[in-house]
Amino acid sequence: CDPSVVIDTSLSCGFLNVPLDYHNPPVGTARLAIIKINATEERRGSLFFNPGGPGNSGLAQLGAPTYKELLLQVSGGVYDIISWDPRGVGTLTTPGEISYFDSAEEYLTFLNGTIELTGIEEEVGRKCLKSPNGKYLKYVGTAAAVRDMVSIADMLDGPDAPINFIGASYGSLIGSWFVNMFPERVGKVILNGIVNPVTFATQKPSVHFTDALVSADAVYKGLITGCALAGPAGCAAAAEGDGPLDVDAKFQALIKAAHDATARASNASSVPLSSGQIRVQLYNAMYTPAGWDGFMKANCTQYVEVVKGETGASATASSLAKRVRHDTRAAASNRSPPYSPQAIFCGDAIDVRGFTTEEQFQGLIDTARNVSHMFGGQWPFPLYQCAFWPVRAVERYQGPFDRKLANRIIVASNVYDPATPLASAEEVARQLGEDAVLVRGTRFPCFSSGHTTIAETSTCTNVIFNAYLVNGTLPPNDTLCEVDAGFELFGGVSTADIYILAHLPSADV
C-alpha cells in the first residue's frame, strides 16, 4: 500500500479497472484503488465498507487502527474486509480528488470579493468544467460507486456471490442504492447513520440538508449541558455555578460578535472568522462527542481570541481563518479545498440549476428559524452549491426503494444524531418492510468515530452486528441499545449525567 495513505503494512492494496460509464463502455476506463484486511478466521467471503463523506477515503479509514480493530471485532474475523476510494476521492483512484486550484493562495485570490468565501459563486462551476478533471465530472456519483463495488465483488467472490456491506453516513446512501439496484445480490448489509434516499432522490439538496438538521440542536444541548456539569475544571467555557444556558449564552455572544465584526467590515472576506464559519466548526464538533473536551479547550478558546482581536493579524489568526474557511482534506500536493463532496452530491442531485442565490439564502433563513436555531445558518455548505453545479451524473438512481431483497438487512441510527436523524432510518426501514430490522442507539451520538452507531462505546450494538455478520442472527425490530456506562464526554460526565438535555426547550438555543 502507498505509505502516504496507509500506514499499516499488514494490509493489502491493489487496483481494478472498470468502465467510466457502465452503459457506454467505449467512453473509457476508471481505475479503483482498493484495500483489504485479511480474514483472521476461516474466510467466508468479503465484507465491503464505506466510511461516508462523500469524499472520505476508504483506504485511509480502513488503514486507521480504530476502524480496523472495530470491523474485525464486529465481523468476527471471518471476512476479508474491503474498502476502496470511490471516484472523486483520494489521489490513487482515477478520476481522483476533484480540485480546481493549484494552491490555497490561488483559491483565495480567485474568490476574493465573491460570495464563495461566505457562500456560492457560479464561476467556480465553469472553472470546474475547464479543469483537467472536468471531463470526468459526469462519471462521478453514487450509482457509479455501487456498480464499482459490484465489479470488485465479482472479481473477488464471483458474479453470483452475495455482497456483504457496511455503510456509514453517506455510505448508507451507497447501501440504500445498492440493495435496490441489485436486490438479488444482497448478503449481510448494515446501514448505519441513514441518509434518506427518498428525500435525496426527489427533493432539492437544500431540503435534504434541512431534514438532516432536525436533531442537531438536541445534540448541541448535550454539549452545553455536559460542559456546565464539568465546570471550569473540565470545560473551558464553563464558570463556577454555570448552568447549560449560561454556556449557551457564551456561544451566542461569540457568534453575535463575529456577525457584528463582519457587518462592520468594508470587505467581509477580510474578517478572520464569520458567524457562519463558527457555526460550521461547531456543527462539525457535534459529530464527535468524544472530542468535545478537546474542542472546548483548544478550538473554542482560540475562536474567542480571534473574534475578540486578541491575536490581531498574527499567524495564529491567519492560519485558523484559512483552516475554517475550507476543508483540509485536500491532497498533499494541493492544499486548496477539494470539491469532491460537491461533485458527488451535486452530480447525484435533482437538477435545480436556475435556483437563485436569493432563494438559497431564504431556505437557509427558514431552516435557522424553524429547524435548527444553532446550525441552520452555517455557511458555506456543499449542498447549497448544487444549484450552480454544471453537470449531473450520467446515472442517478431515483427509486424504487422498496425492492424485495435476497436477505434481510440492519438499519441502525442514534435517537439523537446531528446529521442523519432517526426519521431517515425509520423511513428506510418502512420502505423495505420485513426485509429490514431497525436498531436504535439511545440518547445522542457518543463515540469517537463519528455520528453513527459503529463505535466501541456501545457493546450492545457491536454484539448485535457481530451476531448478524457471523451467525446471521437478527435482533427484534426496533431494538434499543444503550451506550456503555463508562463512556465520558467530559471528565467525570457520562451520557446518563447529561440526559437532562431533553428538558431544555428548543427556544433557549
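Rules used throughout
Residues numbered from 1 in each chain as written. Predicted model: local features only at pLDDT ≥ 70, side-chain atom pairs only at ≥ 80, totals over all residues. Heavy atoms only, no water. Helix = DSSP H or I, 4+ residues; strand = E, 2+ residues; numbered from the N terminus. Buried < 20%, exposed > 50% of the residue type's maximum accessible area, 1.4 Å probe, protein only. Contact = heavy atoms within 4.5 Å. Areas by Shrake-Rupley, 256 points an atom, 1.4 Å probe, with all protein chains shown as cover. Pairing = 2+ DSSP bridges. Axes fitted to C-alpha atoms, helices over the stretch in contact; angles between N-to-C directions. Disulfide = S-S within 2.5 Å. pLDDT = per-residue confidence, 0-100. Core = buried A, V, L, I, M, F, W, Y, C linked by side-chain atoms within 4.5 Å. Expected span 1.5 Å × (residues − 1). Phe/Tyr/Trp six-rings, centres within 6.5 Å; stacked < 30°, edge-to-face > 60°.

- With an unreviewed UniProt entry as reference, the chain is termed Alpha/beta-hydrolase, source organism Lentinus tigrinus ALCF2SS1-6.

1. A closer look at the overall build of the chain
Logical step 1: On a plain count of helices and strands, the chain comes out with 17 helices and 11 strands.
Logical step 2: Put simply, the chain has 509 residues, and 58% of those count as buried.
Logical step 3: Within the chain, contacts between residues separated by at least 24 positions form 76% of all contacts whose residues are at least 6 apart in sequence.
Logical step 4: With the model as given, the accessible surface of the chain reaches about 19,400 Å², and the carbon-plus-sulfur share is 51%.

2. Considering the sheet that holds strand 8 (residues 436-441)
Logical step 1: Strand order in this open sheet of nine strands is 1-2-4-3-5-6-7-8-9, and the pairing throughout is mixed. Strands with a single pairing partner mark the edges of an open sheet, and in this sheet they are strand 1 (12-19) and strand 9 (479-481). Averaged over neighbouring strand pairs, the angle between their axes works out to 25 degrees when direction is ignored.
Logical step 2: Here strand 8 runs beside strand 9; their pairing, made up of three bridges, is parallel. For Val-439, the partnering residue across the bridge sits in strand 9 and is Thr-479.

3. Regarding the state of the cysteines
Disulfide: a covalent bond formed between the sulfur atoms of two cysteine residues.
Logical step 1: Under the definition given, this model contains four disulfides.
Logical step 2: Across the disulfide, Cys-1 is cross-linked to Cys-13 (sulfur-sulfur distance 1.9 Å). Disulfide Cys-1 to Cys-13: torsion about the S-S bond roughly 95 degrees, handedness right-handed. Residue Cys-1 is found in the segment before strand 1, and its partner Cys-13 is found in strand 1; the two are separated by 12 residues along the sequence.
Logical step 3: For Cys-1, a relative accessible area of 40% corresponds to the partly exposed category.
Logical step 4: Disulfide pairing is shown between Cys-346 and Cys-386; the S-S distance is 2.1 Å.

4. Topic: the confidence of the model for the chain
Logical step 1: Model confidence for the chain is summarised by a mean pLDDT of 84, while 85% of its residues fall at 70 or above.
Logical step 2: Across the chain, element-level confidence peaks in helix 5 (residues 142-157) with a mean pLDDT of 98 and bottoms out in helix 13 (residues 315-325) with 46.
Logical step 3: Every residue in residues 310-334 is under pLDDT 50, and counting partners more than four places away or in other chains gives 50 contacts.
Logical step 4: Here residues 444-450 is a poorly scored stretch, pLDDT under 50, and it has 37 contacts once near neighbours within four places are set aside; other chains count.

5. A short note on the nonpolar core
Logical step 1: Phe-178, Met-296, Ile-409 and Phe-490 are the most contacted members of the largest nonpolar core, which totals 135 residues.
Logical step 2: Broken down by element, this core gets its largest block of residues, eight residues, from helix 9 (residues 216-234).
Logical step 3: Setting aside residues up to four positions removed in sequence, Phe-490 forms contacts with Leu-223, Gly-226, Cys-227, Ala-230, Gly-234, Cys-235, Trp-292, Asp-293 and Met-296.

6. Focus: helix 17 (residues 459-471)
Logical step 1: Relative to the 18 Å expected for 13 residues at 1.5 Å per residue, helix 17 spans 17 Å between its end C-alpha atoms, a close match to the ideal helical length.
Logical step 2: Every buried residue of helix 17 is listed here: Thr-461, Asn-462, Ile-464, Phe-465, Tyr-468, Leu-469 and Val-470.

7. Focus on the environment of Val-27
Logical step 1: Here Val-27 is to be found in the loop between strand 1 and strand 2 (29-37).
Logical step 2: Judged by its relative accessible area of 34%, Val-27 falls in the partly exposed class.
Logical step 3: Apart from residues no more than four positions distant in its own chain, Val-27 is found in contact with Leu-20, Asp-21 and Tyr-139.

8. Remarks on the packing of aromatic side chains
Logical step 1: For the structure shown, the criterion picks out 11 aromatic pairs.
Logical step 2: Both rings, one in Phe-48 and one in Trp-84, keep their centres 6.3 Å apart while their planes meet at 80 degrees; by these two values the pair is edge-to-face. Residue Phe-48 is found in strand 3 (residues 46-50), and its partner Trp-84 is found in strand 4 (residues 80-85); the two are separated by 36 residues along the sequence. An identical accessibility class is assigned to Phe-48 and Trp-84; each is buried.
Logical step 3: Look at Phe-200 and Phe-345: their rings are 5.4 Å apart centre to centre, the planes differ by 45 degrees, and that puts the pair in the tilted class. You can see Phe-200 sitting in helix 7 (residues 197-202) and its partner Phe-345 sitting in helix 14 (residues 340-348), a full 145 residues away along the chain. Neither residue differs from the other here; Phe-200 and Phe-345 are each classed as buried.
Logical step 4: Three or more aromatic residues joined by ring pairs make a cluster, and in this case those are Tyr-220, Phe-251, Tyr-283, Tyr-287 and Phe-375.

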